[in-house]
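# Results of the structural survey
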Amino acid sequence: MWRVLTGLMIAVSALVHAAEKPADLVLRHGVVLTVDAKDRVAQALAIREGRIVAVGSDSVVAPLIGPKTRVVDLAGRTATPGLIDTHAHLLGGGADEIYKIDLKRTASMTELLAMVKARADAAAPGDWVQGHGWNEGVLAEHRPPTLAELDAVSNGHPILLENITHHYAVVNSAALAMAHIDSTTKDPPAGTIVRDPGGLPTGVLKEAAQTIVIDHIPPITAEQYKATLRAMINHMHAEGMTGVKDPHNGAREWAAYLDFASTEGLSIHACLLIYAGANLDTAKAALELVQRARREAKALSGGDLGVCGVKILIDGSAMARTAWRYEDYAVDAQHPAPTGRGYPTVEPDVYRQMVLLFNRAGVTVGTHTIGDRAIDLVVDTYAAALTETPTVGLRHSVIHAHEPTQHAVAVMADLQKRYDAAIPETQAEFLWGLGDSLPGSFGPERSQHLMPLATYRKSGMIFASGSDYPVTPLPARYGLWASVAREPMKGTYGPHPFGTDEAIDVHTALRSYTIWAARQLFIEHQTGSLEPGKWADIAVWDRNPYAVPTVELKDMRCEMTLYKGKVVFER
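Residues numbered from 1 in each chain as written. Predicted model: local features only at pLDDT ≥ 70, side-chain atom pairs only at ≥ 80, totals over all residues. Heavy atoms only, no water.

### Some words on the packing of aromatic side chains
Per the stated rule, a full pass over the model turns up five aromatic pairs. Consider the rings of Trp432 and Trp481, whose centres lie 6.3 Å apart with planes at 80°: the pair is edge-to-face. Highlighted residues: Trp432 in helix H14 (residues 430–433) and Trp481 in helix H18 (residues 476–485), separated in sequence by 49 residues. Of the residues examined, Trp432 reaches a relative accessible area of 13% and is grouped as buried. Members of the aromatic cluster, joined through ring pairs, are Trp432, Tyr478 and Trp481. Positioned over the ring face of Tyr329 is Arg325, at 5.0 Å from the centre of the ring. One residue, Arg477, lies across the ring of Tyr478, its end atom 4.6 Å from the ring centre. (Phe/Tyr/Trp six-rings, centres within 6.5 Å; stacked < 30°, edge-to-face > 60°. Helix = DSSP H or I, 4+ residues; strand = E, 2+ residues; numbered from the N terminus. Buried < 20%, exposed > 50% of the residue type's maximum accessible area, 1.4 Å probe, protein only. Lys NZ or Arg CZ within 6 Å of the ring centre and 35° of its normal.)

Here it is as structure tokens:
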């Protein structure tokens, strides 16, 4: 009883204090999903100086309405915390969308080649022709374009087309020649130059082999980066999104964010991971950049930009069959011969040393890991590092975590309890966007337990969600839906290749895009739920995700977005 009375006294005290002067903005006559510790649902809220000052019924908020208060009648619409994506390549992916050929929805090789030809015919002499997003799960031919097909439409230009996963690409003969890749070229460490039976390169380059060609392409300019951020922030606002962890950045990308925050203002919470490379030298350089960038971010007003730590890639992609596994990849119609078990993209001993370096320095590590063998290495390394230098709250993350073993789940659950670390940052949207390829890689039995969100909860774990944009679309509503539905885009392997045992309810899914996501950006005391004292980061929707059929979640329409109490989008 005393806890209830204390809670009431605090609430009354807060309201009395809040009532000292009117609110700047009031939302009322709606459904307010607070996503607080008890998942309470309210009717209205009030905002002053960018922060929430009251949440409750219309009558509770009414005394805060003054002559200059803007009052928004929700008319039954639903307000949620602004959605947060914990793994979106906002800058790099946005630049792909704007400046390269968008091949994500090409349904046939004829369509893809026509788009490439149109760009090549219009390009100035010497220009590269770049595309991104081709997806063999969507293409009718279920394969990349051949070297001969690309050469036939190139009009003399070098061409590079990145797969939707960004873990492999296809290039034409002009690009191979420019990069000096031929039958004598050796595979780089942690990369594969795919060859035909005669040993000649086919044009397909996996993992580190891509960089041999990419190094010859002029980089994105500072002005292009600025235009990209402007467009992507507007896109986020239109989708009810107010926060992002951008997970793969170097000095140029950090400079782009810093310049934008200094000159235009971000109007999103942006937290970057600095790419740590694949050896101790690159790791030490990344640590220096993290330390400098944190000083520069701290000097900014507003606190909208931050550095969340570093990113390491320990394996590749399931679609490229480069993710590191204990078992061979499944044989299917597109892969009739065994394709191996993938490989680590960083030497395991070097990876352990890198994690120890960062953990000792108090820097959070996010590791890209998809295959079960890679995930075991990651969680065991986190455990060893935290045993050596015990630190609570670094929140080292396990990015993607497609197929964790029972051992990995147990270690993650233990590390979360003891150190607030080993938090999965997962992308349920993959089950939709890549859902017509992943079952072919993992096979029918293993596919039933990919991204085991329900198992995480049963083990007492939390997780945070995202899109891995541009691998899947940025709008978080797709992720909310995919977390519950677990359905593929086309049904190439049947309507439910991933089963429903690992599905979660929409309440849990929303937490993974709000308060749990805010934790991974280290801002959960400032945002992620609708509670007095927090920033008014709010999305208003045309429907209540808690009440509509699952199929409608992906069709939710954002009608208003507030960032720190300011309306940044209104339909």
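### Some remarks on the sheet that holds strand E10 (residues 129–134)
What holds strands together in a sheet is hydrogen bonding between their backbones, with the strands either parallel or antiparallel. Judged by pairing direction, the sheet is mixed, and its six strands sit side by side in the order E9-E10-E11-E12-E14-E13 without closing on themselves. Each end of this open sheet is capped by a strand with a single partner; those strands are strand E9 (101–102) and strand E13 (191–195). Here helix H4 (residues 109–122) sits on the sheet in contact with E9, E10 and strand E11 (159–163), set at roughly 155° to E10. (Pairing = 2+ DSSP bridges. Contact = heavy atoms within 4.5 Å. Axes fitted to C-alpha atoms, helices over the stretch in contact; angles between N-to-C directions.)

### Remarks on the environment of Ala454
As for its position among the elements, Ala454 is in helix H17 (residues 453–458). Residues Ala454 and Asp505, spaced 51 residues apart in sequence, show a C-alpha to C-alpha distance of 9.1 Å.

### Some points on H18
A large share of H18 lies buried, amounting to ten of its ten residues. Among the residues making up H18, those that are buried are Ala476, Arg477, Tyr478, Gly479, Leu480, Trp481, Ala482, Ser483, Val484 and Ala485. Buried residues along H18 sit in contact with strand E8 (83–85), strand E15 (241–249), H14, H17 and helix H19 (506–512).

### Here's the deal with the pairing of strand E19 (residues 397–400)
Summarising the sheet, strand E18 (residues 365–369) and E19 pair through four bridges and their orientation is parallel. By the bridge assignment for E19, His368 is matched with Ile399. In this fold, the crossover linking E18 to E19 by way of helix H12 (residues 372–388) has right-handed handedness. Between the parallel pair E19 and strand E20 (residues 423–426), the chain is carried across by helix H13 (residues 406–419), and the sense of this crossover is right-handed. (Right-handed = clockwise from strand over helix to strand, strands pointing away.)

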